[in-house]
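Each chain, written out:
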Amino acid sequence: MHIPSLLIVDDDFQIIELLQVAAERMGYKVYATYTASGFKELYPTVTPHLIFIDLKLGDHNGIELLEFLILEKCSTPIILMSGQDEKVLHIAKHLGDTRGLSISGILHKPFNLKDFVELIEKAKKDSRFPDTESIKNAVEQNEMFVAYQPKISIQSGKFIGVETLLRWTPFNKDFISPSIFIPIAEEEGFIKELTFFMLDNAFKDYALWRQEEMYSLAINISLPVLNDSLFLEQLHEKIKAYKISPNEICLEITESYGITEDSISKLSILTKLRIQGFKIALDDFGTGYSSLLTLHRVPFTEIKIDKSFILDLFSNSESLVITKAIINLSHALGLKVVAEGIESFEVYKKLKELGCDEGQGYYFSNALSVEDLQDWINTHLDKNQKFKFGS
Ligand code: C2E
Ligand code: MG
Ligand code: MG
């Protein structure tokens, strides 16, 4: 029988003992350690199904362990435990969420066993990771489709186009987020097929909703796809077949890959794409380590501020400072700035005041099927294609 395992690191002996007894009762094999170094030794040997990390570990802190798990490309659900240090907790959660870790929950100390059991139940659900076979089947069985999130010019309020986002709703099951299945497709060598599946559908749909107008289609492209020597040619053939011009397309490359000046300079394909007229955006800006030099040397045309800054624009003063700085820096470098994660009119207004160029977010619309996009265009835009605020 397959016994799930759980790895705990905490420097408090009593907490370990308590969690160990409770988890064993729930059918887990428990591995526990009191130190960061013990954790690093144990982790590769036990391949846990669930991890508990105390953020305050004597001389070390849990952030160091999260960084270790990022390098290890850990996909195991993680539960963070913390005493009163909210600041560390916030940084840790942000780091985990933006760098591909699955932070499944937070256990505030002191806690009771009921909280602990509930978190384990939730983590069990989160850990249902699909394999490549099921991703391939999903494409064949029509369980995947492309959804479109409208983008608005912040200064004029005009609808300018959409970002295409893959959606997977398995038959009779919960929706699976692209943040889960895209990294698996990338690792397993299926991302190019998935990208062309998305492009074919997005281009076909574009003919339906564009109605003779020219809009911008923002498309997420993974680094392994860009590295494929045939990609450029194949993309060209595709857009020619659908009569789309390169300047209608913006290729978004996410910063969380750790794009550095060095890694990206190898991507001469970006320069070629740019020369041919495609626009290129650096997605999720602020989550990686891009230097100012990278921004300058790589032919990006726009920068997308990561939604984590926009979501707490008013609740975290650092987010506001960072957002302002990104807008000013990008403009100084001649780059357009796009904000994602606009959930309220107040945030929209603030971004307008800060000079942000474009935006998207639940305030305007979430990602829609092509039919719903057509409805949205008809009901939420005026005759000049401007978003009807308050609609
Ligand atoms: P992304 O490119 O940064 O896309 C923006 C994400 O923010 C989307 O999540 C979108 O649904 C979400 N979002 C938009 N507005 C709001 C808002 O107001 N509030 C909040 N809380 N969230 C908002 P989604 O669809 O889950 O996609 C996650 C990531 O998966 C995307 O992040 C993108 O990196 C990747 N992805 C999606 N489709 C594809 C694809 O076809 N190819 C590749 N390579 N990656 C894809
Ligand atoms: Mg994107
Ligand atoms: Mg993004």
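Everything that follows concerns the structure shown earlier in this document.
Given the structure is predicted, the values throughout are model-derived calculations rather than measurements.

(A) Just the coordination of the magnesium ion (ligand 2), in detail. Those donors, Glu163 (OE), Asn220 (OD1), Glu252 (OE) and Asp283 (OD), are the protein atoms that reach the magnesium ion (ligand 2), and they lie 2.0 to 2.2 Å from it. Summarised as a motif, the one-chain spacing of the donors to the magnesium ion (ligand 2) is E-x56-N-x31-E-x30-D. Distance-wise, the magnesium ion (ligand 3) is placed 4.1 Å from the magnesium ion (ligand 2), both being coordinated by aspartate 283. Residue glutamate 163 is located in strand β9 (residues 159–168), and its partner asparagine 220 is located in strand β10 (residues 216–220); the two are separated by 57 residues in the primary sequence.

(B) Summary view of the coordination of the magnesium ion (ligand 3). In this structure, Asp283 (OD), Asp284 (OD), Glu340 (OE) and Glu340 (OE) serve as the protein donors to the magnesium ion (ligand 3), at separations of 2.0 to 2.4 Å. Each donor residue of the magnesium ion (ligand 3) belongs to the same chain, with the gaps between them written as D-D-x55-E.

(C) The sheet that holds strand β8 (residues 144–153), seen in detail. If you walk around this closed barrel you meet the eight strands as β8-β9-β10-β11-β12-β13-β14-β15, and the pairing is mixed. The sheet shows a mean angle of 30° between the axes of neighbouring strands, taken without regard to direction. Across nine bridges, β8 lies against β9 in antiparallel orientation. Residue pairing in the sheet places phenylalanine 145 in a bridge with arginine 167 of β9. Where helix α7 (residues 178–187) meets the sheet, it contacts β8 and β9, and its direction lies at approximately 75° from that of β9. Strands β11 (249–254) and β12 (279–285) of the sheet are contacted by helix α12 (residues 268–275), whose axis makes an angle of about 130° with β12.

(D) Just the pairing of strand β2 (residues 29–33), in detail. Strand direction decides the pairing type here: strand β1 (residues 5–9) and β2, joined by five bridges, are parallel. Within β2, the residue paired with valine 9 across the bridge is threonine 33. Once the chain exits β1 it traverses helix α1 (residues 13–25) before rejoining the sheet at β2, and the crossover so formed is right-handed.

(E) Examining the sheet that holds β1 more closely. Spatial ordering of the open sheet is given by β2-β1-β3-β6-β7, a layout of five strands whose pairing is parallel. Among the strands making up the open sheet, the edge pair consists of β2 and β7 (102–108). This sheet shows a mean twist of 20° between the axes of neighbouring strands, independent of strand direction. Strands β1, β2, β3 (50–54) and β6 (77–82) of the sheet are contacted by α1, whose axis makes an angle of about 165° with β2.

(F) Quick peek at the site of ligand 1. For ligand 1, the set of nearby residues contains 23 residues, the closest of which are Arg167, Asn220, Asp283, Glu343 and Tyr362. In this structure, a nitrogen atom belonging to ligand 1 sits 2.6 Å away from a side-chain N or O atom of glutamate 343. A total of 810 Å² of accessible area belongs to ligand 1 in isolation, and the protein chains cover 88% of it. Elements with a minimum of two residues in the shell around ligand 1: β9, α7, β12 and α14 (307–311). The biggest single contributor to the shell around ligand 1 is β9, with four residues.

(G) Layout of the environment of arginine 297. With respect to the secondary-structure elements, arginine 297 resides in helix α13 (residues 292–297). Residues arginine 297 and phenylalanine 52, spaced 245 residues apart in sequence, show a C-alpha to C-alpha distance of 41 Å.

(H) Structural detail: the nonpolar core. Residues Met144, Trp209 and Leu273 are the most contacted members of the largest nonpolar core, which totals 76 residues. The greatest single-element share of this core, amounting to 10 residues, is contributed by helix α8 (residues 191–209). Not counting residues within four places of it along the chain, the set of residues in contact with methionine 144 comprises Ile135, Ala138, Val139, Leu166, Arg167, Trp168, Phe181, Leu194 and Phe197.

Conventions used here
Residues numbered from 1 in each chain as written. Chains lettered and ligands numbered in written order. Predicted model: local features only at pLDDT ≥ 70, side-chain atom pairs only at ≥ 80, totals over all residues. Heavy atoms only, no water. Donors = N, O, S within 2.8 Å, 3.2 Å for Na, K, Ca; no water. Helix = DSSP H or I, 4+ residues; strand = E, 2+ residues; numbered from the N terminus. Pairing = 2+ DSSP bridges. Axes fitted to C-alpha atoms, helices over the stretch in contact; angles between N-to-C directions. Contact = heavy atoms within 4.5 Å. Right-handed = clockwise from strand over helix to strand, strands pointing away. Near = heavy atom within 4 Å. Polar contact = N/O pair within 3.5 Å; in protein donor to acceptor, adjacent residues only side chain to side chain. Areas by Shrake-Rupley, 256 points an atom, 1.4 Å probe, with all protein chains shown as cover. Core = buried A, V, L, I, M, F, W, Y, C linked by side-chain atoms within 4.5 Å. Buried < 20%, exposed > 50% of the residue type's maximum accessible area, 1.4 Å probe, protein only.

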